[in-house]
Amino acid sequence: MTDPILELRDLEVHFNTFDGRAEVINGVDLTVEEGETVAIVGESGCGKSVTAETVMGMLPQPPGEIVNGELYYRDEELLGDETAHERVKTESLGMIFQDPMTSLSPVFTVGEMMRDVMTYQNKTNVGWLEIFRNIVGRRDVSEADMHDRCIELLDRLQIPDPEGILDRYPIELSGGMRQRVLIAMAMLGEPEFLIADEPTTALDVTVQDQILDLLSEQVKREDLSMLYITHNLGVARRIADRIYVMYAGEIAEVGSCEDILDEPLHPYSRGLVDSVPKLTEFDREGIEGLIPNYTEPPSGCRFHPRCPAAVAGECDVTRPPRFELADGREVACLLYEDGLSPAAANEIAATEADTNRGSGTTHGRSSGPRESDESIESLTQRMEDANE
Ligand SMILES: Nc1ncnc2c1ncn2[C@@H]1O[C@H](COP(=O)(O)OP(=O)(O)OP(=O)(O)O)[C@@H](O)[C@H]1O
Ligand code: NI
């Protein structure tokens, strides 16, 4: 491990809703090393955006409430210091959002928006001093310089006719072009850390690929670090160095893209990888059931009601810590207690899943952990035997 540029520790976020208190983020730890791209992958509603919003200092509070946790950016704690958070956000962070139509203003041209961003660089409280300085004219924000910088960035994102684009309104551009403009705008403030929340979901696959390539290019060129949010494992593999698999506001598994995709360990990751449509395969296994209700989250492991390998009396009682395996892999699943080898644990998970399926797990809503005489200890024993 090198130097973490960003570190989230034990984050807990709750929301006050009409249905009660929703305990959405439940102890998330996450680290992004300098120059690294980390993807958070998980199904809709698992808390990816809430995590990103917290990092950006953009969590709506209320209804949101950060109940616990620390956020370090280059060793500076930000969750307890709004001023520092605002400064870091302005100076060092860049954001790219999901839907360009909602993040771009419909009433300004691309050029006007880009100039605005450059002048105030995402500052929410622009003081009279800054406005005065800009009226008087600082060298670095002269009209000509701003114009050149806009053209350079639009050019870098391979936007045809950048001069012409500056005078266009977002509505006049295609989805792919809008997303490119949004990336160009995020780069204007010369950030060192990018946060992208599903920037390509609304695009068709070819355009999505182009955008991912362009984004990777910027990240490499400027030596940026990035937190990339997606529900798509394929996208994560293309863009990220490491993947954090998230389930119901908890991190299920951490590993390199290859590790997670080639040999997912957590039963949830296994389901997630299995549910990726393959061109050569029609019959695929997904994950049954839904993300739990956050006002009454399951006890123990939050995944246990849907887990094909869940063991009654264990998984519904004990919240699994993140077990560290070799090569920076971490899995929050009781199967991996006692440093079991991934291959062996996987085998057990698979056997468990088969047995559970055979014993008639109902469709749609899972029937919860299997009543079993076999405890984790005996599973472990079996695994150790298998290892020998
Ligand atoms: N402002 C809010 N008020 C109340 N609940 C919220 C708010 N924002 C998020 N939530 C809840 O937090 C949970 C996680 O939402 P989040 O948007 O982080 O999911 P996500 O993983 O980003 O999903 P998606 O892939 O659909 O974007 C959801 O149950 C959502 O209803
Ligand atoms: Ni989201």
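Residues numbered from 1 in each chain as written. Chains lettered and ligands numbered in written order. Predicted model: local features only at pLDDT ≥ 70, side-chain atom pairs only at ≥ 80, totals over all residues. Heavy atoms only, no water.

An unreviewed UniProt entry annotates the protein as Nickel import system ATP-binding protein NikD of Halobiforma nitratireducens JCM 10879. Turning to the protein, the UniProt annotation filed under Catalytic activity (unreviewed entry) states: "Ni(2+)(out) + ATP + H2O = Ni(2+)(in) + ADP + phosphate + H(+)". (UniProt positions renumbered as here; feature names shortened; annotations may be inferred.)

What follows covers the nonpolar core. L6, L30, M114, F193, L194, L227 and I243 are the most contacted members of the largest nonpolar core, which has 107 residues in total. Among the elements that line this core, the one with the most residues is helix α8 (residues 175-188), at 9 residues. Shared between two domains, this core takes at least three residues from each, and those domains are domain 1 (4-244) and domain 2 (290-387). If sequence neighbours within four positions are ignored, M114 has contacts with C150, L154, L166, A184, M185 and L188. (Core = buried A, V, L, I, M, F, W, Y, C linked by side-chain atoms within 4.5 Å. Buried < 20%, exposed > 50% of the residue type's maximum accessible area, 1.4 Å probe, protein only. Helix = DSSP H or I, 4+ residues; strand = E, 2+ residues; numbered from the N terminus. Domains from an automatic or database assignment. Contact = heavy atoms within 4.5 Å.)

We now examine the packing of aromatic side chains. Applying the stated criterion to the full structure yields 4 aromatic pairs. Consider the rings of Y247 and F303, whose centres lie 4.9 Å apart with planes at 75°: the pair is edge-to-face. Taken as a pair, Y247 in strand β9 (residues 242-247) and F303 in the loop between α12 (267-274) and β11 (323-324) lie far apart in primary sequence, 56 residues in all. Comparing Y247 with F303, the two get one shared label, buried. Ring geometry for Y268 versus F303: centroids 5.2 Å apart, planes at 70°, classification edge-to-face. Remark: F303 occurs in the loop between α12 and β11 and Y268 occurs in helix α12; sequence separation between them is 35 residues. Exposure class is identical for Y268 and F303. Each is buried. Members of the aromatic cluster, connected to one another through ring pairs, are Y247, Y268 and F303. (Phe/Tyr/Trp six-rings, centres within 6.5 Å; stacked < 30°, edge-to-face > 60°.)

A few words now on the sheet that holds strand β2 (residues 20-33). Strand order in the open sheet formed by 4 strands is β2-β1-β4-β5, with antiparallel pairing between adjacent strands. Every interior strand has two partners, whereas the edge strands, β2 and β5 (76-77), have only one. Examined bridge by bridge, strand β4 (residues 64-73) and β5 share 2 bridges and lie antiparallel to one another. Following the sheet pairing, Y72 is matched in β5 by E77. Lying on the sheet, helix α1 (residues 48-56) is in contact with β1 (4-17), β2 and β4; it crosses β1 at an angle near 115°. (Pairing = 2+ DSSP bridges. Axes fitted to C-alpha atoms, helices over the stretch in contact; angles between N-to-C directions.)

The environment of ligand 1 is formed by 14 residues, the closest being S44, G45, K48, S49 and V50. Contact distances for ligand 1 include 2.9 Å between an oxygen atom and a backbone N or O atom of V50. Relative to its unbound accessible area of 630 Å², ligand 1 is 66% covered by the protein chains. At 3 residues, the largest contribution of residues to the shell around ligand 1 is made by α1. (Near = heavy atom within 4 Å. Polar contact = N/O pair within 3.5 Å; in protein donor to acceptor, adjacent residues only side chain to side chain. Areas by Shrake-Rupley, 256 points an atom, 1.4 Å probe, with all protein chains shown as cover.)

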